[in-house]
Amino acid sequence: MADLRVYIDSKYDVSESVIIPIKLEDSVSQAAVKLSLDLMRVSGLPELDGAHISVRQGKRLWFFGHIFVIKRKDRVINITAYDPLLYLVKNKDDFYFKKGTTTRKAIDTICRRAGIKPKLLPAGKYTHRQTLDYRADKYDSYYSVLASLLTEDKKKTKKSYWIRYDNGLKVYERSRPKNVPVLSEGITDAQVERSNEDRKNYVRARNRERRADGIAKSASSIKKYGRLSTYIKSDATNDADARREAKKALDRQNRSKVTRSFRHVATSGTQRFFSGDYAYIKSKDDLIAHGYYFDNVKYEIYPNHVVMDADAVVSTSLPSISYEKPDVQKKQDGLGNTTESIKGIRLKFSKGWVATAYNPALGGINGTGTTASGNKFKTKRSIAVDPKLIPMGSVVYIKCRAKPEYSGIYLAEDIGGAIKGKRIDMGLPAKESIPFGRRDVEISILEKGLGRADARQKAGEWDKIRSHYKVRIQNGKTSPSKSNKAFVRPMSGGWMGRKQFKTPAGHFGIDILIDRAKTGKVRLHPVADGTVTRSGWSTSYGWVVYIVHSVNGQTWESVYAHIHAKPKVKVGQKVTVNTTIGYVGNTGWSDWPHLHFELHRGRWTYSKSHAVNPHTYINF
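The structure presented is a predicted model; accordingly, all values stated were derived computationally and were not measured. (Residues numbered from 1 in each chain as written. Predicted model: local features only at pLDDT ≥ 70, side-chain atom pairs only at ≥ 80, totals over all residues. Heavy atoms only, no water.)

A.B. asks: Even after reading the chapter, I still don't get the overall build of the protein chain, so can you show me in this structure?
C.D. replies: Of regular secondary structure, the protein chain possesses 10 helices and 39 strands. Computed over its C-alpha atoms, the radius of gyration of the protein chain comes to 33 Å, more than 25% above the 25 Å expected for a compact globule of 620 residues. Each principal axis of the C-alpha atoms in the protein chain carries an extent, and together these give about 95 × 75 × 50 Å. Looking at the protein chain as a whole, 47% of its 620 residues are labelled buried. Relative to all contacts within the protein chain whose residues are 6 or more apart in sequence, the contacts with residues 24 or more apart total 67%. Both charge centroids of the protein chain, one from 110 positive and one from 62 negative side chains, sit 8 Å from each other. (Helix = DSSP H or I, 4+ residues; strand = E, 2+ residues; numbered from the N terminus. Rg over C-alpha atoms; globule rule 2.2 N^0.38 Å. Buried < 20%, exposed > 50% of the residue type's maximum accessible area, 1.4 Å probe, protein only. Contact = heavy atoms within 4.5 Å. Lys, Arg positive; Asp, Glu negative; His and termini not counted. Charge placed at Lys NZ, Arg CZ, Asp CG, Glu CD.)

A.B. asks: Just checking my understanding: could you explain the confidence of the model for the protein chain for this structure?
C.D. replies: As a note on interpretation, predicted positions should not be read in detail where pLDDT is low. Within the protein chain, residue pLDDT values average 85, and 91% of them lie at 70 or more. Predicted confidence for residues 331–341 stays below pLDDT 50, and this span has 33 contacts to residues more than four positions away or in other chains. Within the model, the stretch residues 478–484 combines pLDDT values under 50 with 15 contacts to residues more than four positions away or in other chains. (pLDDT = per-residue confidence, 0-100.)

A.B. asks: Mind showing me how you'd approach helix α3 (residues 142–157) here?
C.D. replies: Because the α-helix completes a turn every 3.6 residues, residues three or four places apart line up on one side. With 16 residues, α3 extends 22 Å between its outermost C-alpha atoms, agreeing within 8% with the 22 Å of an ideal straight helix rising 1.5 Å per residue. Most of α3 sits out of view: 12 of its 16 residues are buried. Within α3 the residues assigned to the buried category are Y142, Y143, S144, V145, L146, A147, S148, L149, L150, T151, E152 and D153. Immediately downstream of α3, the backbone of K158 shows phi near 65 degrees, a positive value. (Expected span 1.5 Å × (residues − 1).)

A.B. asks: Could you clarify how one ought to interpret unusual backbone geometry in this entry?
C.D. replies: Most of the time, phi is negative for any residue but glycine, and the peptide bond is trans. For the bond running from I20 to P21, omega is 5 degrees, close enough to zero to count as cis. Phi at K158 takes a positive value of approximately 65 degrees, unusual for a residue other than glycine. Relative to the helices and strands, K158 resides in the loop between α3 and β11 (161–165). On the basis of relative accessibility, which here comes to 67%, the residue K158 falls in the exposed class.

A.B. asks: Any chance you could explain the nonpolar core here in plain terms?
C.D. replies: The tendency in soluble globular proteins is for nonpolar side chains to be buried as a group. If you look at the biggest cluster of nonpolar residues, it comprises 39 residues, and the most contacted ones within it are I22, L35, I53, F262, F294, Y299 and M308. In this structure, M308 is in contact with L183, F262, R263, H264, F273, F294, V297, K298 and Y299, ignoring residues within four places of it in sequence. (Core = buried A, V, L, I, M, F, W, Y, C linked by side-chain atoms within 4.5 Å.)

A.B. asks: Can you help me understand the sheet that holds strand β12 (residues 169–173) in this one?
C.D. replies: By way of backbone hydrogen bonds, the strands of a sheet pair with one another, either parallel or antiparallel. If you walk across this open sheet you meet the three strands as β9-β12-β11, and the pairing is mixed. In this open sheet, the two strands that pair with only one neighbour each are β9 (118–120) and β11. Between one strand axis and the next, the sheet turns through 30 degrees on average, direction left out of account. Pairing of β11 with β12, which is carried by five bridges, proceeds in the antiparallel orientation. Along β12, the bridge assignment pairs Y165 with L169. Packing against the sheet, α3 makes contact with β11 and β12, and its axis sits at approximately 150 degrees to β11. (Pairing = 2+ DSSP bridges. Axes fitted to C-alpha atoms, helices over the stretch in contact; angles between N-to-C directions.)

A.B. asks: Got a minute to help me understand the pattern of salt bridges in this structure?
C.D. replies: Where charged atoms from two side chains of opposite charge approach closely, those side chains can pair. Tallying each qualifying case throughout the model produces 18 salt bridges. R164 is the partner of D277 in a salt bridge, and the nearest nitrogen-oxygen pair spans 2.9 Å. Linking D277 in the loop between β18 (257–267) and β19 (278–282) with R164 in strand β11, this pair joins segments that are 113 residues apart in sequence. On the basis of relative accessible area, D277 is assigned to the buried category, the value being 14%. (Salt bridge = Lys/Arg side-chain N within 4 Å of Asp/Glu carboxyl O.)

A.B. asks: What's the story with the packing of aromatic side chains in this structure? I'm lost.
C.D. replies: Each aromatic ring pair is described using two quantities: the centre-to-centre distance and the angle formed by the ring planes. Within the structure shown, the criterion is met by 20 aromatic pairs. Here Y358 and F377 contribute two aromatic rings whose centre-to-centre distance is 5.3 Å and whose plane-to-plane angle is 75 degrees, an arrangement assigned as edge-to-face. With a gap of 19 residues between them, Y358 in strand β24 (residues 350–358) and F377 in the loop between β24 and β25 (382–384) connect regions that are remote in the sequence. Relative accessible area serves as the criterion here: at 7%, Y358 is assigned to the buried category. Taking the relative accessible area as the measure of exposure, F377 reaches 13% and is therefore buried. Consider the rings of Y541 and Y546, whose centres lie 6.5 Å apart with planes at 50 degrees: the pair is tilted. (Phe/Tyr/Trp six-rings, centres within 6.5 Å; stacked < 30°, edge-to-face > 60°.)

A.B. asks: Explain the packing of helix α2 (residues 103–114) against α3 here, please?
C.D. replies: The relative placement of two packed helices comes down to the angle between their axes together with the axis-to-axis distance. It is at 10 Å that the axes of α2 and α3 come closest, and there the two elements cross at 175 degrees. Considering their axes alone, α2 and α3 lie roughly antiparallel with respect to each other. Packed against α2, whose contacting residues are T103, A106, I107, I110, R113 and A114, the element α3 presents Y142, V145, L146, L149, L150 and D153 at the interface. Split into classes, the residues belonging to the contact of α2 with α3 amount to nine nonpolar, one polar and two charged. (Parallel < 35°, antiparallel > 145°, perpendicular 65-115°, else oblique. Nonpolar A, V, L, I, M, F, W, Y, C, P; charged D, E, K, R; others polar.)

A.B. asks: Even after reading the chapter, I still don't get a positive patch on the surface, so can you show me in this structure?
C.D. replies: On the surface, R129, K156, K158, K248 and R252 cluster together into a patch of positive charge. By secondary structure assignment, the location of R129 is in the loop between β9 and β10 (132–134). (Patch = residues over 30% accessible without salt bridge, like charges linked within 9 Å, V, L, I, M, F, W, Y side chains within 5 Å. Areas by Shrake-Rupley, 256 points an atom, 1.4 Å probe, with all protein chains shown as cover.)

Below is the structure:
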């Protein structure tokens, strides 16, 4: 085949069996290049399933990848192969990058897990200022994680990147070349198509957690094409920012999609183009005459010439995927141990609300038992609201100080003729509705609803939704950001790592290890002001100090064990966070210098029944 060679596993030359042309295709949306070719069935062919395949022409490597699909018909074998970037698309897993990780380091981690050699990574050393906890339930592939990393990088550096496989993964800054290639000779079949199928003229941007909601719409476009709406997840923290984000999205999406396509026939030695490359394209009829990026590139390779079909687009980029924090967050200690916690939520109440109770058995909602959203009425879930203030489908927390047993999480799934303004009807058991009477309540909207359909969907998943918010509310009450004001770290810097609470079972504290050379040199101090209740020797704890604290009316007791020598404090002594207790040691039942630290919500007991996880209350 005149210098066009095809190899299986780098050593079997099957070029003479190939039926031309050899086809390649790639696109912006699909990271990997796809190869399709037909082989004549001949004796001596190697095993094809999962084998490497490469296509070369002189010094040019047209393709290298793995065979994934084999079809046999008569004497012809059809092969489909993909370059190694397919492993970014097909693999899915969690990724956890600590605060301070560079984009370059994170992509290197993804490559190595995917088994792809990183050949050229971003030259910049942008450091992410937050922990990035990517969960497989939100990011469907390694490729989406990589795209998100580059999206976050772009937000700060304003640089756009592109990826490609060329004997290894290359991530390079996308920019127009200084010497722009010109395609004019050999351009045929130029076409221009205008479509409004993807037009959006009504955009809603929303951040449920921050309760930020913004809408942007084009009245003229809606009048002309009808309403074409979309919804985007927003990072906005208030309604004004959400509206601006919706407006930007509207500007991008409220337009016709213009598709330009062409065919280019050239000799085998001409420049090869991939999706994302840039060139000046000029057809003979001037239907296409401008600088464009390539997308949906398809090649047919012959021994002496190539045929390229491609779309010409004004702009193109990798998928823009913003990082989204998971509700369930991972935390990692210095020893690599990982725990998970559900992100807390703090309630912000609106006062001035009045609540009454209703039940279908008493004639409410026409006695049918079906709410305005179409859901079946359910006690201690259903509430009737004014949708102008609380949208249908909203998840709300109601605080009733006079009747705290009715405080809790409810679903806005009904309306009523008398329910106007700051008035709600709470669905309660029939025998409890009349005694409930008329009560002053406070309302906190946990999640704004999207209407009746949203209410129906949430009713079907209510047990899961209610449990989720109960945990988040509880975690919000004891979140580290609040507790950090009361407790500080029990020792100065210099530790090597920490062992987790209750690991192993029965270990009701945490162990903070230090370098052996620093034994007796790392200072210990109380986590809060308090009074020493015990200071002395214990067979298991070695030299140990107990301190009782009173924080916001709550009694706490902290324990500091394996101190290097006799403690510096005595029983009954008043201490502050600046008082030196002693120094980290290796006394008692210990085989390495460390601090065994316990925190008890209440007084210390022999059964450790009041022990809590210090990580929850102290920012280590």
